[in-house]
Amino acid sequence: WVIRIACRHAARWTIEYGIDVVVDVPTSSVALAVSTLVRERNKVFINSGAATSDLTGAACSPNTIHWTYDTYNLAKGTGGAMVAAGGRTWFFITADYAFGHALERDTTAFVNAAGGRVLGSVRTPFPGTTDFSSFLQQGQRSRANVIGLANAGGDTINSIKQAAEFRITRGGTKIAGLLVFVTDVHSLGLEVAQGLVLTETFYWDLNDRTRAFTRRLGAMPGNLRPSMVQAGCYSGILHYLKAVGDMGVAAAKASGADAVNRMKAMPTSDDAFGEGTVRPDGRKIHPAYLFEVKTPAESRGAWDYYKLISTIPANEAFRPINEGGCALVRS
């Protein structure tokens, strides 16, 4: 029903209100459906919040750009780091929808390629699950080195809190939050979140340009800092407007596919992500960053949460273009 409602709204926006661009769509199953609808209407879809790498793979579209991160990128960053650190056996707690399935699939590929093994997994209902204790205990009983959380948002926060409450990590089991936002760390607090390894493509305090971008946003409710999804919405819209300025408003409104092609032809540049490009398959390319959450003693104050472990270069951060199966890519 969520997919039906989202598509109904998107159709109404494009038909009744003449909307040319749909941005964000933070659920993979909905994003896949919206991408199809936008293609049918020849509009533009700039995805920031949905993660499934299928948006630039088998389900790629000439009208869609996948901007901020995806399941391949998260799996390579966090999953690859955990395996390299000795986490060679895994158990997945997976949200039972498109995002969770894709994240488990992509992480499993990296674990297997590195010589690791997946000992088991459990699918959790989405939405509606708040008690993850039995799933965490299943992972603990599997004797896996790592319990991978192929979920997001409140599910990830609850899983990590309950892992601490039930002392799941006391025997040496590691918890891998495969999609964790800085706002999640803020909700958890450093006492609980300290030591988590995670992958993001934007962090407000990464460098002078990200700090400048954050200052320009001004005061946010609750003194919040922008997440990578919010930064991706800004960056994607900015690049779209540059393309519109280059090709003209009338031409951009006449064909969303042409507007996307112009976005692909132009290099990207902004303070949130720096310099980048958009590939023919619609994948926006920029570096990714592997962070570790600081201890309370290491933090200098509010929102000083991450220490940089390594930078994944832009040409390595996302799935190679010839491996996704996108029909837009010429062999």
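Residues numbered from 1 in each chain as written. Predicted model: local features only at pLDDT ≥ 70, side-chain atom pairs only at ≥ 80, totals over all residues. Heavy atoms only, no water.

**Quick notes on the layout of surface pockets**
Move 1: The calculated volume of the largest pocket comes to roughly 420 Å³.
Move 2: Along the wall of the largest pocket there are 22 residues; nearest its centre are T169, T173, K174, I175 and G195.
Move 3: One number sums up the size of the second largest pocket: a volume of about 280 Å³.
Move 4: Residue composition of the lining of the second largest pocket, by class: eleven nonpolar, six polar and no charged. (1 Å grid on protein atoms, 1.4 Å probe; cavity = no way out; pocket = protein on both sides within 12 Å on 5 of 7 lines; lining within 4 Å. Points joined across faces, edges and corners; volume = space filled by probe spheres on them. Nonpolar A, V, L, I, M, F, W, Y, C, P; charged D, E, K, R; others polar.)

**Looking at the sheet that holds strand β2 (residues 44-47)**
Move 1: Overall, parallel pairing links the three strands, which are arranged β1-β2-β3 in an open sheet. The sheet is open, and its two edges are formed by β1 (21-24) and β3 (64-66), each paired on a single side. Neighbouring strand axes in the sheet, compared pairwise and without regard to direction, differ in orientation by 10° on average.
Move 2: For β2 and β3, the ladder comprises three bridges, and the chain directions are parallel. Bridging across to β3, F45 finds its partner in T64.
Move 3: Those strands touched by helix α12 (residues 256-265) are β2 and β3, and its axis lies near 45° from that of β2. (Pairing = 2+ DSSP bridges. Helix = DSSP H or I, 4+ residues; strand = E, 2+ residues; numbered from the N terminus. Axes fitted to C-alpha atoms, helices over the stretch in contact; angles between N-to-C directions. Contact = heavy atoms within 4.5 Å.)

**Some thoughts on the packing of aromatic side chains**
Move 1: A complete count under the given rule lists 15 aromatic pairs for this structure.
Move 2: A centroid spacing of 4.7 Å and a plane angle of 45° characterise the contact between F213 and Y234, whose relative ring orientation is tilted. Note that F213 is positioned in helix α9 (residues 208-217) and Y234 in helix α10 (residues 228-247), a separation of 21 residues in sequence.
Move 3: Measuring from centroid to centroid gives 6.1 Å for Y289 and F291, while their planes differ by 35°, and the two rings are tilted. Exposure class is identical for Y289 and F291. Each is buried.
Move 4: Among the aromatic residues, those joined into a cluster by ring pairs are Y203, W204, Y289, F291 and Y306. (Phe/Tyr/Trp six-rings, centres within 6.5 Å; stacked < 30°, edge-to-face > 60°. Buried < 20%, exposed > 50% of the residue type's maximum accessible area, 1.4 Å probe, protein only.)

**Focus on α12**
Move 1: Here α12 has its buried residues at G256, A257, A259, V260, M263 and K264. All buried residues of α12 project into a common sector of 160° when viewed along the axis, lining one side.
Move 2: Buried residues belonging to α12 abut β2, β3, α10, α11 (249-254) and β10 (274-278). (Arc of directions from axis to C-beta.)

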